[in-house]
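# A closer look at the structure
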Amino acid sequence: MPRVPGTKTGRNAELGLLALAMIIVAAYGATVEANQFDRITPTFWVPAALLSVLFVALHLVVRFIAPYADPVLIPTVALINGLGVGFLRRLDLAKSIADKQPEPGIFAGVGGRQLAWTLAALVLAAVLLLVVRDHKAVSRYAYTLGLVGIVLVMIPAVLPGRFSEINGAKLWIKVGGFSIQPGEFAKLALVSFFAYYLVRKREVLSLASRRFLGIDFPRGRDLGPVITVWLLSLLVLVFEKDLGTALLYFGLFVVTLYVATERVSWLLIGLVMFFGGVYVAYLLGASVGGPFANFYDRATVWLDPFASENYDRIGGSYQLVQGLLGLGTGGLFGTGPGAGSPGFVPEVRNDFIFAGMGEEIGLFGLSALLVCYLLIVERGLRAALGVRDSFGKLVAGGLAFTLGLQVFVILGGITGLIPLTGQTTPFLSSGGSSLMANWLLVAMLLRISDAARRPAAAGPAAHAGAPKQPPAQLHGAMTEVIKP
């Protein structure tokens, strides 16, 4: 989409922020080497330089095909992604020192694979931006995406454990040495389906049957969609043995429903239904066992991780306790990048990467990292506020909430706020599924923010394909109430 002469697109600011982010990543790599080797090698800057080339390439794609996209999203995500690559390389360096092996190459080890996955993720993001020129076109395939999303969610549940289970959670598809987490891609498909469905059914779901304690509650016959998604989330909880994924899907639907209807009652109904279902699953795990036993075990470990019977047994609280000790060791300012002992935490490159990094960058550094995630969520919500169509509002709001909820679920698990989950940390954890899916999420937010920030002078093509609608009034946080 060509830019309007004389208007500011923010692309130069994006490039400047991207340069700053890569300088921070290079400084992080230099500090890691100084603490690991007591010197800085002449090649410390190479990973940051390679990442810079990749991110600048995406910046150029955005500059030409989405010139009005939010200029803060790519630099913020690039910073988190770059620090993730740097931390994973730090683990590779520590392993090579412990094994008395030469320093691994740039593309060797877990850090090298993450660098390659970053390239693949950015290519996918660029392809999505090139193919989807108007976010409203996605609504044409909403039901297909909904079906695809449900299939992706349920595949790990029906596969035998040897093909789908890692650390007690059935979230994967494993074939030989290759594994993929289909739920990461399912959330993108389900957001689009939920948004389309709620745009169509918004008026019906907004109707109230009675008022209780000052809150308007919906009619009983309108609870069908919520009950359906609730049952789906409980099936995920029981058969995939993961609270985080169940909470992610159900929370996504309920919040999107709240955004569409502005009814607080939907949030209350959702909270009661979800936590009620979780409590019943816990009781069944204690009395019946079977498919509920895994969740009962996780909840027991969460309730008292330092109990000897939980700490010593297989699948117990050892991982959680080591993560908590690592965070405690880091204190306010951390031991310094490369100066900690994250290798004592099992799965530190995946589920517990927050704990490993928290030991080395401390509470202040970890808080700064969380602020970066908060900034991404805020820019996504800003895109939702600015875009003119209801479908775009719900998609952007749903995607932003999904990212925020996923970070909450992960951080809540490693700090003992909620039971542990099998979720990966967006843009940080090792693995291609999460990285590619979340960069696709960012690409969709870029496309919607481009439509939201594009001036009216950009011409009629700016809203090509938009359906004819009567005048609309922005009402509440992000919703339109179309007057008859």
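Since this is a predicted model, take the numbers as computed values, not measurements. (Residues numbered from 1 in each chain as written. Predicted model: local features only at pLDDT ≥ 70, side-chain atom pairs only at ≥ 80, totals over all residues. Heavy atoms only, no water.)

### Concerning the overall build of the protein chain
- Of the regular secondary structure elements, the protein chain holds 16 helices and eight strands.
- Considering only contacts in the protein chain between residues 6 or more positions apart, those separated by 24 or more positions represent 72%.
- Total accessible area on the protein chain is roughly 20,800 Å²; 69% of this is exposed by carbon and sulfur atoms. (Helix = DSSP H or I, 4+ residues; strand = E, 2+ residues; numbered from the N terminus. Contact = heavy atoms within 4.5 Å. Areas by Shrake-Rupley, 256 points an atom, 1.4 Å probe, with all protein chains shown as cover.)

### A closer look at the nonpolar core
- Counting residues in hydrophobic clusters, the biggest one holds 123 residues, and the most contacted among them are Phe354, Met357, Leu369, Phe427 and Trp439.
- Top element by residues in this core is helix H16 (residues 432–453). It accounts for 14 residues.
- Other than its neighbours up to four places away in sequence, phenylalanine 354 contacts Leu327, Leu366, Leu369, Leu370, Tyr373, Val407, Ile410, Leu411, Ile414, Thr425 and Leu428. (Core = buried A, V, L, I, M, F, W, Y, C linked by side-chain atoms within 4.5 Å. Buried < 20%, exposed > 50% of the residue type's maximum accessible area, 1.4 Å probe, protein only.)

### Some words on the environment of leucine 231
- Relative to the helices and strands, leucine 231 is located in helix H8 (residues 224–239).
- Taking C-alpha positions, leucine 231 is 9.4 Å from phenylalanine 274, a pair spaced 43 residues apart along the chain.

### Quick look at the packing of helix H7 (residues 182–206) against helix H15 (residues 390–414)
- Contact pair H7 / H15: the axes reach a minimum separation of 9 Å and the direction vectors enclose 140 degrees. By the angle class used here, H7 and H15 are oblique. The two elements H7 and H15 meet at a crossing, and its hand is right-handed. Seen from H7, the contacting residues are Glu184, Lys187, Leu188, Val191, Ser192, Ala195, Tyr196, Leu198, Val199 and Arg202; seen from H15, they are Ser390, Phe391, Leu394, Val395, Gly398, Leu399, Thr402 and Gln406.
- Considering only residue class, the contact of H7 with H15 consists of ten nonpolar, five polar and three charged. (Axes fitted to C-alpha atoms, helices over the stretch in contact; angles between N-to-C directions. Parallel < 35°, antiparallel > 145°, perpendicular 65-115°, else oblique. Left-handed = near helix turned anticlockwise from the far one by under 90°. Nonpolar A, V, L, I, M, F, W, Y, C, P; charged D, E, K, R; others polar.)

### Things to note about a nonpolar patch on the surface
- Together, Leu119, Val123, Val127, Leu130 and Val131 make up an exposed nonpolar region whose accessible area comes to about 440 Å².
- By the element assignment, valine 131 lies in helix H4 (residues 109–131).
- Residue valine 131 is classed as exposed on the basis of its relative accessible area, which comes to 64%. (Patch = residues over 30% accessible without salt bridge, like charges linked within 9 Å, V, L, I, M, F, W, Y side chains within 5 Å. Salt bridge = Lys/Arg side-chain N within 4 Å of Asp/Glu carboxyl O.)

### Section: the packing of aromatic side chains
- Following the criterion strictly, the structure yields twelve aromatic pairs and no others.
- With a centroid separation of 5.9 Å and 15 degrees between ring planes, the pair formed by phenylalanine 250 and phenylalanine 274 is classed as stacked. Note that phenylalanine 250 is positioned in helix H9 (residues 243–261) and phenylalanine 274 in helix H10 (residues 264–287), a separation of 24 residues in sequence.
- A residue is classified by how much of its surface remains accessible, and phenylalanine 250, at 3% relative accessible area, is buried.
- On the basis of an interplanar angle of 75 degrees and a centroid distance of 5.9 Å, the ring pair of phenylalanine 427 and tryptophan 439 is categorised as edge-to-face. (Phe/Tyr/Trp six-rings, centres within 6.5 Å; stacked < 30°, edge-to-face > 60°.)

### Structural notes on the environment of arginine 202
- Within the secondary structure, arginine 202 is located in helix H7.
- A residue is classified by how much of its surface remains accessible, and arginine 202, at 12% relative accessible area, is buried.
- Separated by 3.2 Å, the side chains of arginine 202 and serine 390 make a polar contact. (Polar contact = N/O pair within 3.5 Å; in protein donor to acceptor, adjacent residues only side chain to side chain.)

### A short note on the pattern of salt bridges
- Applying the stated criterion across every chain yields a total of eleven salt bridges.
- Residue aspartate 134 pairs with lysine 136 through a salt bridge whose shortest N-O separation is 3.2 Å.
- Assessed through its relative accessible area of 19%, aspartate 134 is described here as buried.
- In this structure, a network of salt bridges that share partners links the residues Asp70, Glu378, Arg379 and Arg382.

### Some thoughts on the side chain of arginine 447
- Tracing the chain through its elements places arginine 447 in helix H16.
- In this structure arginine 447 comes out as buried when scored by relative accessible area, which is 2%.
- Looking at arginine 447, its side chain comes within polar contact range of the main-chain oxygen of valine 132, at 2.8 Å.
- Not counting chain neighbours up to four residues away, the residues in contact with arginine 447 comprise Ile65, Ala66, Leu129, Val132, Arg133, Asp134 and His135.

### Quick look at the side chain of arginine 90
- Note on placement: arginine 90 falls in helix H3 (residues 73–98).
- If we ignore the near neighbours within four places in the chain, the residues touching arginine 90 are Val32, Gln36, Gly338, Ala339, Gly340, Ser341, Pro342 and Glu360.

### Quick notes on the environment of leucine 445
- By the element assignment, leucine 445 lies in helix H16.
- Those residues in contact with leucine 445, other than ones at most four positions away along the chain, are Leu73, Gly380, Ala396 and Leu399.

### Observations concerning the packing of helix H2 (residues 46–65) against H3
- Look at H2 against H3: their axes get within 11 Å of each other, and the N-to-C directions meet at 155 degrees. Considered as vectors, H2 and H3 are oriented roughly antiparallel to each other. Between H2 and H3 lies a crossing of right-handed hand. From H2, Pro47, Leu51, Phe55, Leu58 and Val62 reach across to H3, where they touch Ile74, Ala78, Asn81, Gly82, Val85 and Arg89.
- Considering only residue class, the contact of H2 with H3 consists of eight nonpolar, two polar and one charged.

### A look at unusual backbone geometry
- The backbone of glutamate 347 sits at a positive phi, close to 55 degrees, despite the residue not being glycine.
- Take glutamate 347: it is sitting in the loop between helix H13 (318–330) and helix H14 (353–386).

### Observations regarding H15
- Over its 25 residues, H15 extends 36 Å from the first C-alpha to the last, a length consistent with the 36 Å expected when each residue adds 1.5 Å.
- Extensive coverage of H15 is indicated by the burial of 22 of its 25 residues.
- Downstream of H15 by a residue or two, glycine 416 has a phi angle that is positive, lying close to 85 degrees. (Expected span 1.5 Å × (residues − 1).)

### Some remarks on H3
- Between the first and last C-alpha of H3 there are 38 Å, a value that for 26 residues agrees with the 38 Å anticipated at 1.5 Å per step.
- For H3, the buried fraction is high: 22 of the 26 residues fall into the buried class.
- Just downstream of H3, lysine 100 is the residue with a positive phi angle, here 55 degrees.

### What to know about the confidence of the model for the protein chain
- Model confidence for the protein chain is summarised by a mean pLDDT of 84, while 88% of its residues fall at 70 or above.
- In the predicted structure, residues 459–484 sits below a pLDDT of 50 and forms 44 contacts with residues beyond four places in sequence or in another chain. (pLDDT = per-residue confidence, 0-100.)

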